[in-house]
Amino acid sequence: MSYQNKDYPLRPIKELEKSLKKPVELAHQVRKNAYAPYSQYLVGCVIVDSKGKVFTGCNVENASYPAGLCAERTAIVKMVSEGGKKIKEIVLVGSSLEPVFPCGMCLQVIQEFGEGCRVTSIDPKGKVFRQVPLSALFPFGFTPDKLHQ
Ligand code: THU
């Protein structure tokens, strides 16, 4: 099913900005490492942090299904454990016909480290993309400041 959105349309890959070309290539590559024997749904994620450092992640499933990890959180955990502080760009390649966006749990984790970031998602054939700011994907997420208000 094709989802139409006038603010964040599906666009041909040739319109993608040059600086995201390499992260997109890496996301296709890391997607091949996905460990998804239960869903067969492969996802690759690339994070570019505020210093321009790049972190990759894939989904890692488990026989105990809820123990599985999405590609986005894999990449975020790698960023934080390597000293990265702030997410600038997220690039995603899923396995659906159209570009897909992070699940609710990942959006919450993305927000912790990525206020103001963008998510660029590409279809697995690499033909089209959609680019959406986190603020549009998750406008009322729970933020740390609310813990002490
Ligand atoms: N998955 C991700 O890794 N990222 C997403 O954005 C959507 C879903 C994974 C979780 C699970 O391993 C498989 O895809 C099917 O849900």
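The paragraphs below set out a description of the structure included in this document. (Residues numbered from 1 in each chain as written. Predicted model: local features only at pLDDT ≥ 70, side-chain atom pairs only at ≥ 80, totals over all residues. Heavy atoms only, no water.)

The secondary structure content of the protein chain amounts to 4 helices and 6 strands. Helices and strands in the protein chain line up, N terminus first, as β-α-β-β-α-β-α-β-β-α. Relative to the globule expectation of 15 Å for 149 residues, the C-alpha radius of gyration of the protein chain, 15 Å, shows essentially globular dimensions. Oriented by its inertia axes, the alpha-carbon framework of the protein chain measures out at about 45 × 40 × 30 Å. Of the contacts made within the protein chain by residues no fewer than 6 positions apart, 65% connect residues no fewer than 24 positions apart. Looking at the protein chain as shown, the accessible area adds up to about 8,700 Å², and 58% of this sits on carbon and sulfur atoms. Positive and negative charge centroids in the protein chain, built from 20 and 14 side chains respectively, lie 5 Å apart. (Helix = DSSP H or I, 4+ residues; strand = E, 2+ residues; numbered from the N terminus. Rg over C-alpha atoms; globule rule 2.2 N^0.38 Å. Contact = heavy atoms within 4.5 Å. Areas by Shrake-Rupley, 256 points an atom, 1.4 Å probe, with all protein chains shown as cover. Lys, Arg positive; Asp, Glu negative; His and termini not counted. Charge placed at Lys NZ, Arg CZ, Asp CG, Glu CD.)

Here we come to the site of the ligand. If you check the shell around the ligand, you find Ser39, Tyr41, Val43, Asn59, Glu61, Cys70, Ala71, Glu72, Phe101 and Pro102 and nothing else. In the model, an oxygen atom of the ligand is placed 2.8 Å from a nitrogen or oxygen of the Ala71 main chain. Within the side chain of Glu72, a nitrogen or oxygen atom sits 2.6 Å from an oxygen atom of the ligand. Within the complex, the protein chains bury 76% of what would otherwise be the 370 Å² of accessible surface of the ligand. (Near = heavy atom within 4 Å. Polar contact = N/O pair within 3.5 Å; in protein donor to acceptor, adjacent residues only side chain to side chain.)

Residues of helix α3 (residues 104-114) that are buried: Cys106, Leu107, Ile110, Gln111 and Gly114. Down the axis of α3, the smallest arc covering the buried residues is 140°, so these residues share one side. Buried residues along α3 sit against α2 (71-81), β4 (87-93) and α4 (134-137). Where α3 ends, the next residue or the one after it, Gly116, has phi of about 85°, a positive value. (Buried < 20%, exposed > 50% of the residue type's maximum accessible area, 1.4 Å probe, protein only. Arc of directions from axis to C-beta.)

Burial in helix α1 (residues 21-31) covers these residues: Pro23, Val24, Ala27, Val30 and Arg31. The buried residues of α1 all sit within an arc of 130° when viewed along its axis, so they share a single face. On the buried face of α1, the contacting elements are β2 (44-49), β3 (54-58), β4 and β5 (118-122).

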